[in-house]
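# Coordinate inspection notes
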Amino acid sequence: MGHTILERIIALQKRTSNIRNLCILAHVDHGKTTLADCLVASNGIISSRLAGKLRYLDSREDEQIRGITMKSSAISLHYTTGEDEYLINLIDSPGHVDFSSEVSTAVRLCDGAIVVVDAVEGVCPQTQVVLRQAWLENIRPVLVINKIDRLIVELKLTSQEAFTHLQKILEQVNAVTGTLFTSKVLEERAEKDTGAPSSCPENSNGDQVYDWSAGLEETDDSDLYFSPDRGNVVFASAIDGWGFRIHQFAEMYSQKMGIRSSVLLKTLWGDFYLNLKAKKIMKGAQSKGKKPLFVQLVLDNIWSLYDAVVTRRDKEKVEKMVTSLGLKVMARDLRHSDPKVLLSAICSQWLPVSQAVLSMVCEKLPSPAEMSSERVEKLMSVGVRRFDSLHEKTQELKKAFLDCSADGTAPVIVFVSKMFAVDPKSLPQNKQRPLTQEEIAQRRELARQRHAERQTTNQSAETPGSPDDGGASIPSTPATNSVTDTLCAQTEALSVKAAVEDESKEHFVAFARVYSGVIRKGQRVFVLGPKYDPSLALRTLPEGCSVADELPAIPHMACCTVDRLYLLMGRELDELDEVPSGNVLGIGGMEEFILKSATISTSPACPPFTPLNFEATPIVRVAIEPKHPSEMPKLVRGMKLLNQADPCAEVLIQETGEHVLVTAGEVHLQRCLDDLRERFAKIEISASEPIIPFRETIIRPPKVDMVNEEMGKQQKVAVIHQVKDDQSKYPEGIQVDSTGLVILTTPNKMATVRVRAIPLPEQVTRLLEDNVEVIRTMEQFSTFVREGKTLDINQKILENIQDFKVKLESHLQGHKWRGAVERIWAFGPRRCGPNILLNSIESYRRPSIWQCLDQEKERPETLTFRDFDNSIVSGFQLATLSGPMCEEPLMGVCFSIETWDMNFQKDLVDKEPSTDTQSGSSVDCYGPFSGQLIATVKEACRYAFQAQPQRLMAATYTCEIMATAEVLGRVYGVLSKREGRVLHEEMKEGTDMFIIKAVLPVAESFGFADEIRKRTSGLASPQLVFSHWEVISSDPLWVPTTEEEYLHFGEKADSSNQALKYMNAVRRRKGLYVDEKIVEHGEKQRTLGKNK
């Protein structure tokens, strides 16, 4: 970048009120990067002719090949309007659903967003997602309706039809915003009602309805909705380089028509028309069949321009238009064979899109100094903590956020949203910089000296020296030169070696924003991890301590020195010495201290920021190994780097020893594997087939058989025979009755347990999945109480736990669930999963799992039971972690412990005379009996599970496909082939596009997007988002039992069973036994003649 531009940007960074931090959000292929190109071209960084073709902010090679953005990248632009100069920190974000985590990292650092919507496709699934993300982060959006040229060239709409179409798109966007706003107001209203249920006891029901509506009316929503007359909508065609707000046309026509621009501004968009006789603007254009003002004054001009330039190529008309608009078009553009070149040349001068968008951004989006207190509180309130429950010193930092001060006294607060890998060659310190005049003079002098030395040496060699004085001096010169040359060679070799080592090391830059203070190069700061607790640090650290002091170790807090600061300029980085508050920046040298995201501050009272909202869930996993086993250390290092560089990717080492990579989707997986091969590990790797996650569950006994006939007497007889057969399959010592109750005794005959498995209602399973954090908090509290410690839980969390308990009670209704909520022993797997362990033992009362809600602590009646209580829970945890069908986790299963009989030997009882829980547990909880009890409970749970109808649960994507009418049949064909199920389809008004919403198993999704595109010739594009777990209806272990089933399926019943296919695939991958015949007809594979 030019030195002058860099100096100007550094000067603008200090004027906080003139800074705008914004990101571009949209559905995939709606024109974000093309729009970004137009804005970058306005600063002269790239040629305006290349805008839209170069895709400057897509700096990765695979982004250019695929034509989609995969990484959010930032660039700083300056914009001058009148006397004001603005600094615009622009972040371009991906639109593909697999990379929505990149959108989350971009949105967190911004105060505003440009939402781009395709004029043809309208509001798409990812448009709704990005609007929701912007809403959750409390940032203000503005709207750009892009690709209006497609309405003219592709759809061939008239200007009147296009106006109606644009109105509908605007309504769709505002409907999404309105839904988000209404839900927020209703949530706040519900919180008020629960907080003060009897606030207006004298009011009647009618008054309460009025109060509710007043809640919606009181909240100011004037800035929420998009409307052209408010100036927060731009109509554009970024590829052709034009865009406008209606303000521009209002000012233009106010001079020509003599109508005030304020009047035109209000009437230019809407149901108004121009009455030429009365020379007035009147309402009711639609009812009177008149042309609306927007069509007459704006769209007709654009349509006629496209008609003259693109459709008819009328040179005379084009020249007249150019003359009347007062534009200068180069002769080569007029002669060019491609009409789009001429169109772009005219439009970019008449209605430049960069000017329209940047002026809207500067007017309508807030500066960092205008951050709302609501957003600050939301950022500072980690988890479910309320702002008012934070430490006093932490609450005082709110003022620093709101002031956004760049004083030396203000505390430095910086949030790092992600770490991104940078090629060492592109770092400013490694680039060849232009030499200064002094350095050029020094080099010139050095060159002269060397030349003079060389000449002297040559002359000395030619002239023989005298024996008196010159003879001794002749050989000394080459000796001196040789020493100098050797030293130079050694120095060069060392510098080359250091450069090679430096290049091989991967450099990371932290993508960050300064919220308060000034961050300087070489400054000492605290790096606060996502789990850092400021209240604990303030209790531990001495009063008035600073980063420079020697401080005791605090969990999740590290001290470090800021190595380098960078200005992010798309593909380039420029080094800075300091960055004041309100700016987006890159920080170098943080890879040792930050994994993915962190908060940097000079104050230990600063809380870690709220975690980012990721819309995509990592679900696609593959096992990775190097081609050559000796390169395993390189792979491990490469996977660590990949984990740090990607906000959404996860890297695990499974119990089997496999290195597993978990990604958000197929495209994301491919990008991660390419990065691993070419950048981080730099070795040949082999990836397994995608590891499909499944869950195991049980259901109620079905009422109909496989041929949809009711279970009759014949079926019952067959089932009884089957149960007898099954009973003979169980090992000796295990008793299973007809109701599914399993009785199992430990090998040393000291304990007997009776366990029953019950399917949980679907709503309960969903509730347990949604409240993982609440369950984890309850478990943590119980552990602290057991260890004799105390854990402070604030009121908000207690309210959430109480709400969770009430919902659980409402869903667990009926005779068999009576009092079940109070008898919950544990959740699993990992103590917070979607399965329940019930305590149905009449003689055993134990502390409730809800004890955080009851202040009175219960005492265990029998110490021994209390000690071995943990063994029962551990057995349950192991059983739920890997089920009997294919060692996958269980889901939606309740295990009820009916009885638990203990038969202690005297010597074991004598070992525990103490009443101290800790000493008792140290003797027993880790002894051989404890291990036997864990194994027994695990086996009992597994057999209880097998005694019920078993089913597999498949991970399921929600699939949204946009397709034209002529390829609908092919889309349905691909869906049905891959076990997909169409939920509904609807036609987009004003277009020939259909939106199909379907569900598709993750197991069948690989290659789905490519197959859809191939079958439909690119006319349909799917969006896959992980949705839920769905029970596969067919029984994987089913065999025919009735005569009807034998007739329908045959004796072998070898027709394809999807659940069995999935189960066997998982078992085969895990190395478990698979019951299948490999050879069925051996006669065909041996010579019968030899075996006589």
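Residues numbered from 1 in each chain as written. Predicted model: local features only at pLDDT ≥ 70, side-chain atom pairs only at ≥ 80, totals over all residues. Heavy atoms only, no water.

### Points about the overall build of the chain
Quick reminder of the rule: Only DSSP runs of H or I reaching four residues or more are called helices, and only runs of E reaching two or more are called strands; each is numbered from the N terminus. Throughout, exposure labels follow a simple rule: accessible area from a 1.4 Å probe, protein chains only, divided by the maximum for the residue type, with under 20% read as buried, over 50% as exposed, and the rest as partly exposed. The contact rule is simple, with two residues in contact once any of their heavy atoms fall within 4.5 Å. What sets the accessible areas is the Shrake-Rupley method with a 1.4 Å probe; for residues, cover comes only from the shown protein chains.
Summing up its helical and strand segments, the chain has 34 helices and 34 strands in all. When burial is assessed residue by residue, the chain has 49% of its 1092 residues classed as buried. Relative to all contacts within the chain whose residues are 6 or more apart in sequence, the contacts with residues 24 or more apart total 75%. Of the roughly 54,600 Å² of accessible surface on the chain, 51% is carried by carbon and sulfur atoms.

### Re the sheet that holds strand β27 (residues 751-759)
What counts here: Note: two strands are recorded as paired if DSSP finds a minimum of 2 bridges between them.
Spatial strand order, β25-β26-β27-β30-β29-β28: six strands in an open sheet with mixed pairing. A single partner strand is all that each edge strand has here, and the edge strands are β25 (735-736) and β28 (824-828). Across four bridges, strand β26 (residues 742-745) lies against β27 in antiparallel orientation. Following the sheet pairing, I743 is matched in β27 by R754.

### Regarding the side chain of S73
Going by this rule: Polar contact criterion, stated in full: a pair of N or O atoms within 3.5 Å, where within protein one must be able to donate a hydrogen and the other to accept it, and residues adjacent in sequence count only if both atoms are side-chain atoms.
Relative to the helices and strands, S73 is located in strand β2 (residues 73-81). Residue S73 is classed as buried on the basis of its relative accessible area, which comes to 12%. At a separation of 3.0 Å, a polar atom in the side chain of S73 contacts the main-chain carbonyl oxygen of L57.

### A word on the packing of helix α21 (residues 632-645) against helix α22 (residues 666-680)
This is how it is decided: Axes, fitted as lines to C-alpha atoms, cover a helix only where it is in contact. Angles between the N-to-C directions of the axes lie from 0 to 180 degrees. Orientation is classified from the angle alone, with under 35 degrees giving roughly parallel, over 145 giving roughly antiparallel, 65 to 115 giving roughly perpendicular, and any other angle giving oblique. By definition, turning the near helix anticlockwise from the far helix through less than a right angle yields a left-handed crossing, and turning it clockwise yields a right-handed one.
Packing of α21 against α22 brings their axes to within 10 Å, and their N-to-C directions diverge by 125°. On the basis of the axis angle, α21 is oblique to α22. Remark: the crossing between α21 and α22 carries right-handed chirality. Where α21 approaches α22, its residues L635, R637, G638, M639, L641, L642 and A645 are matched on the opposing element by C672, D675, L676 and F680.

### Focus on the pairing of strand β5 (residues 140-146)
Burial of β5 is extensive: six of the seven residues sit out of reach of the surface. Here three bridges tie β5 to strand β6 (residues 233-237), and the two strands are oriented parallel to one another. Counterpart to L143 in the pairing with β6 is V233.

### What to know about helix α14 (residues 339-350)
Put simply, the rule reads: A helix is expected to span 1.5 Å for every residue after the first.
Compared with an ideal rise of 1.5 Å per residue, which puts 12 residues at 16 Å, α14 spans 17 Å between its outermost C-alpha atoms and is within 8% of the ideal. For α14, every residue scored as buried is listed here: P339, L342, L343, A345, I346, C347 and W350. On its buried side, α14 packs onto β7 (242-244), α9 (246-257), α11 (293-311), α12 (315-325) and α13 (331-335). Among the residues of α14, the N-terminal cap falls to D338, whose side-chain oxygen and the backbone nitrogen of K340 are separated by 3.1 Å.

### With respect to the nonpolar core
What counts, and what does not: Each nonpolar core is a collection of buried residues, namely Ala, Val, Leu, Ile, Met, Phe, Trp, Tyr and Cys, held together in the definition by side-chain atoms within 4.5 Å.
In terms of nonpolar packing, the biggest core is built from 106 residues, with I114, I519, I587, M590, L661 and I961 touching the most fellow members. With seven residues, helix α15 (residues 353-364) is the largest single contributor of residues to this core. Discounting residues that sit within four places of it in the chain, I961 has contacts with V971, L975, F994, I995, I996, F1008, I1012, A1020, S1021 and P1022. Judged by nonpolar contacts, the second largest core, of 60 residues, contains V176, F249, Y253 and I346.

### Regarding the sheet that holds strand β22 (residues 659-663)
Strand order in the open sheet formed by four strands is β21-β22-β20-β23, and the pairing between neighbours is antiparallel. Two strands in the sheet have a free side with no partner beyond their single neighbour: β21 (650-653) and β23 (685-687). On average, each strand axis in the sheet is inclined to that of its neighbour by 30°, with strand direction left out of account. One ladder, built from five bridges, connects strand β20 (residues 620-626) with β22; its direction is antiparallel. Paired with V620 across the strands is T663, a residue of β22. Against the sheet, α21 engages β20, β21, β22 and β23, with an angle of about 25° to β22. With respect to the sheet, α22 is in contact with β20, β22 and β23, its orientation differing from that of β22 by roughly 135°.

### Overview of the side chain of S93
Tracing the backbone through its elements, the reader meets S93 in the loop between β3 (84-92) and α4 (100-108). A polar contact is formed between the side chain of S93 and the backbone oxygen of I24, at a distance of 2.6 Å. When near neighbours in sequence (up to four residues on either side) are disregarded, S93 contacts I24, L25, K32, T69, S72, V103 and A106.

### Let's talk about the packing of α11 against α12
What counts is decided by this rule: Gly counts as polar in this scheme, as do all residues outside two lists: the nonpolar Ala, Val, Leu, Ile, Met, Phe, Trp, Tyr, Cys and Pro, and the charged Asp, Glu, Lys and Arg.
Remark: α11 packs on α12, axes separated minimally by 8 Å, with the N-to-C direction vectors making an angle of 135°. By the angle between their directions, the pair α11 and α12 is classed as oblique. Here α11 runs over α12; the crossing is left-handed. Facing α11, whose interface residues are S304, L305, D307, A308 and V309, α12 presents K317, V318 and M321. Partitioning the contact of α11 with α12 into residue classes produces five nonpolar, one polar and two charged.

### Topic: the pattern of salt bridges
Here is the rule we go by: By definition, a salt bridge exists where a carboxyl oxygen of Asp or Glu is found within 4 Å of a side-chain nitrogen of Lys or Arg.
Here the structure, examined in full by the defined rule, presents 41 salt bridges. Between D118 and K147 there is a salt bridge whose closest N-O contact spans 3.8 Å. In this pair, D118 sits in strand β4 (residues 112-118) while K147 sits in the loop between β5 and α6 (149-153), placing the two residues 29 residues apart along the sequence. Among the ionic pairs, K1070 bridges to E888, the shortest N-O distance being 2.6 Å. With K1070 in helix α34 (residues 1058-1070) and E888 in the loop between α27 (863-881) and β30 (893-902), the pair connects residues that are 182 residues apart, well separated along the chain.

### Section: the environment of H27
Relative to the elements of secondary structure, H27 occurs in the loop between β1 (19-26) and α2 (32-41). Considering only alpha carbons, one finds H27 and V97, 70 residues apart in sequence, at a separation of 8.4 Å. When residues no more than four places from it in sequence are discounted, the contact partners of H27 are K32, G95, E121, C124, P125, Q126, T127 and Q1023.

### What to know about empty space enclosed by the protein
Applied cut-off: Whether a set of points on the 1 Å grid over the protein atoms alone is a cavity depends on a 1.4 Å probe fitting there but being unable to get out, while an open set qualifies as a pocket with protein on both sides within 12 Å along at least five of seven lines; lining residues are those with an atom within 4 Å of a point. Grid points are joined across faces, edges and corners, and a volume is the space filled by probe spheres set on the points.
Applying the stated criterion across every chain, the model contains four cavities of 30 Å³ or more. Roughly 50 Å³ of volume is contained in the largest cavity. Around the largest cavity, the lining residues are V120, E121, G122, H165, K168, I169, Q172, K988, E989 and T991. In terms of residue class, the lining of the largest cavity is built from two nonpolar, four polar and four charged.

### Notes on helix α16 (residues 373-380)
Quick note on the threshold: Read the arc as the range of directions from the helix axis to the C-beta atoms.
Along α16, the positions that sit buried rather than exposed are R375, V376, L379 and M380. Each buried residue of α16 sits inside an arc of 130° when the element is viewed along its axis, so together they form one side. Lining the buried residues of α16 we find α4, α17 (392-403) and β11 (507-516).

### Details of the packing of aromatic side chains
The following threshold applies: For Phe, Tyr and Trp, rings pair up if their centres lie within 6.5 Å, where Trp contributes its six-membered ring, and each pair is then called stacked (planes under 30 degrees apart), edge-to-face (over 60) or tilted (otherwise). Ring-over charges, as used throughout, are those where CZ of Arg or NZ of Lys falls within 6 Å of the ring centre and within 35 degrees of the ring normal.
Tallied over the full model, the rule gives 24 aromatic pairs. Ring geometry for F244 and F294: centres 6.4 Å apart, planes at 35°, overall tilted. Placement of F244 in strand β7 and of F294 in helix α11 is noted, with a sequence separation of 50 residues between them. Through pairs of rings, three or more aromatic residues link up here, namely F163, F235, W242, F244, F249, Y253, W269, F294, Y306 and W350. Note that R108 overlies the ring of F415, its terminal NZ or CZ placed 5.2 Å from the centroid. A cation over an aromatic ring shows up here: R513 above the ring of Y515, its NZ or CZ 4.6 Å from the ring centre.

### Looking at the pairing of strand β24 (residues 694-698)
Taken across its five residues, β24 has four buried, putting it largely inside the fold. The pairing of β24 with strand β31 (residues 950-964) spans five bridges and is classified as antiparallel. Each bridged residue has a counterpart across the sheet, and for R695 the counterpart in β31 is M953.

### Remarks on the environment of K378
When you line up the elements, K378 lands in helix α16. We classify K378 as partly exposed; its relative accessible area is 40%. Note: C-alpha distance between K378 and T610 (232 residues apart in sequence) is 7.3 Å. Apart from residues no more than four positions distant in its own chain, K378 is found in contact with L136, N138 and T610. Within the structure, the side chain of K378 is placed 2.8 Å from the backbone oxygen of L136, a separation counted as a polar contact.

### Things to note about the confidence of the model for the chain
The criterion, for reference: The predictor rates its confidence in each residue with pLDDT, a number between 0 and 100.
Summarising the model, the chain shows a mean pLDDT of 81, and 84% of its residues fall at 70 or more. Low pLDDT, under 50, characterises residues 490-503; the stretch is placed with five contacts to residues that sit more than four places away or in other chains. Below pLDDT 50 for its whole length, residues 906-924 participates in 20 contacts with residues either more than four positions away or in separate chains.

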